[in-house]
Each structure stands twice: as C-alpha cells, then as structure tokens.
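# Tertiary structure, described
Single-letter residue listing:
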Amino acid sequence: MRFGQVAVCGLAMGLAVAGTAGAAGPKYTYAIKTSAGADAGKVTFSGAKGGVKVKIELKNVPFGDHGVHIHANPVCDAPDFKGAGGHFNPDGKKHGYMSDMGHHNGDLPKSVSVGENHMGEATFVLTSISLDPAAANSIFANGGTSLVVHEKADDEKTDPSGNSGNRIACAVIKQ
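Residues numbered from 1 in each chain as written. Predicted model: local features only at pLDDT ≥ 70, side-chain atom pairs only at ≥ 80, totals over all residues. Heavy atoms only, no water.

This next bit is on the nonpolar core. With 29 residues, the main nonpolar core has I32, V43, F45, I56, I129 and L147 as its most contacted residues. At the level of secondary structure, the elements contributing two or more residues to this core comprise β1 (27-34), β2 (39-48), β3 (51-59), β5 (68-71), β6 (112-114), β7 (119-126), β8 (145-150) and β9 (167-173). With four residues, the single largest contributor to this core is β3. Those residues in contact with F45, other than ones at most four positions away along the chain, are P26, K27, Y28, Y30, V52, K53, V54, I70, I129, L131, I139 and I173. (Core = buried A, V, L, I, M, F, W, Y, C linked by side-chain atoms within 4.5 Å. Buried < 20%, exposed > 50% of the residue type's maximum accessible area, 1.4 Å probe, protein only. Helix = DSSP H or I, 4+ residues; strand = E, 2+ residues; numbered from the N terminus. Contact = heavy atoms within 4.5 Å.)

In space, the seven strands of this open sheet follow the order β5-β8-β9-β1-β2-β3-β7, with antiparallel pairing throughout. Because the sheet does not close on itself, it has two edges, and the strands there are β5 and β7. In this sheet, neighbouring strand axes are inclined to one another by 20 degrees on average, regardless of whether the strands run parallel or antiparallel. (Pairing = 2+ DSSP bridges. Axes fitted to C-alpha atoms, helices over the stretch in contact; angles between N-to-C directions.)

Another aspect to go through is the pairing of β8. The buried fraction of β8 is high, at six of six residues. The two faces of β8 match: T145, L147 and V149 on one face and S146, V148 and H150 on the other face are all buried. Inspection of the sheet shows β5 paired to β8 by four bridges, in the antiparallel sense. Residue pairing in the sheet places H71 in a bridge with S146 of β8. Looking at chain direction, β8 and β9 are connected through six bridges and run antiparallel. Each bridged residue has a counterpart across the sheet, and for V149 the counterpart in β9 is A169.

What follows deals with the packing of aromatic side chains. Across all of its chains, the model carries two aromatic pairs by this definition. With centroids separated by 6.3 Å and ring planes inclined at 65 degrees, the aromatic side chains of Y30 and F45 adopt a geometry described as edge-to-face. With Y30 in strand β1 and F45 in strand β2, this residue pair connects regions lying 15 residues apart in the sequence. Both residues of the pair, Y30 and F45, count as buried. (Phe/Tyr/Trp six-rings, centres within 6.5 Å; stacked < 30°, edge-to-face > 60°.)

The following block contains the structure:
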C-alpha cells in the first residue's frame, strides 16, 4: 500500500473507503499522509446537488495557505509525490479558476488555510468532477486519482499548478 491509500477492509486503524451510504449517497474518505507517512488529515468525497462535495481536513501541516489539487494518477510516492502526475484534467483546460480558458477538473476554487494550530478545513462543491466511474471526469476513472497538498498558496491562474510549490502531502483516491 502506498502513502495516502487506505485499504477498503481489514485495516483496524484505517478509514473506510468503501462507499458508505448516507442521505446524499456514498461517501469516500481517504487518509492524507506526508512523505514520511505521518498523518496529515483526510479528504471526503460525496454526492451533492449539482456536483461532488469535497471536504478537506488538514492537520500537522505548516501554518499558511496551501494549494490543494486532484492529480491525474493514483500514486503517492515519497518523497516528492511526483508519481501523482499533473492535475486531473480530462477536459484539457488551463490551470485556475481565474483562467480565461477554464480550469482543470482537479482545481479547487481556493487554497486551504492552515492556522497556527497546524489545522485547516475547507469544503467545496465541484461541478467539474464525478463519482460515476463510467464518466470521463470521474475521480475513479482509469484506476483513480490522488489529492495533493502543496507547500504554498495557489494563485489560481498560473499554468500548470498556480505557483503552489512542492508537494507536501498526498492521498490516493480509488474506488
């Protein structure tokens, strides 16, 4: 198992990844890990009206704003998470919500702020991704994706990654 990936069953201390039924449908929760394997929080994906609700809960991450993106490959390889590839972008657009050419499917509308207590949380509803494994914009298509936390804030316009710096934490996203 790679950093950030959580087994579907049989792991006593892990988070449930299998779709747990709720009022809005299944929820998928994944552990976010640093390159050393330390706990950096979790991300939860669930259905929402008009899109996918993404809840990011960071901990043990440096103070400040951090760009967070969904990346194309379901790989979280230490120490730099480069195996995660570029941003999830099946629509072939440019980076950032401020781009005149549209944003990557895996871009989030803003960075996640982490307080002096080294914790931060943000929730978004994204219309650019899907939980339907058959959809081209599904986070589960082609074997899955990953969620990457970057060291700096995302400027929401500079292609390809918003000048958000190195990758500091990661979660593998698979169904």
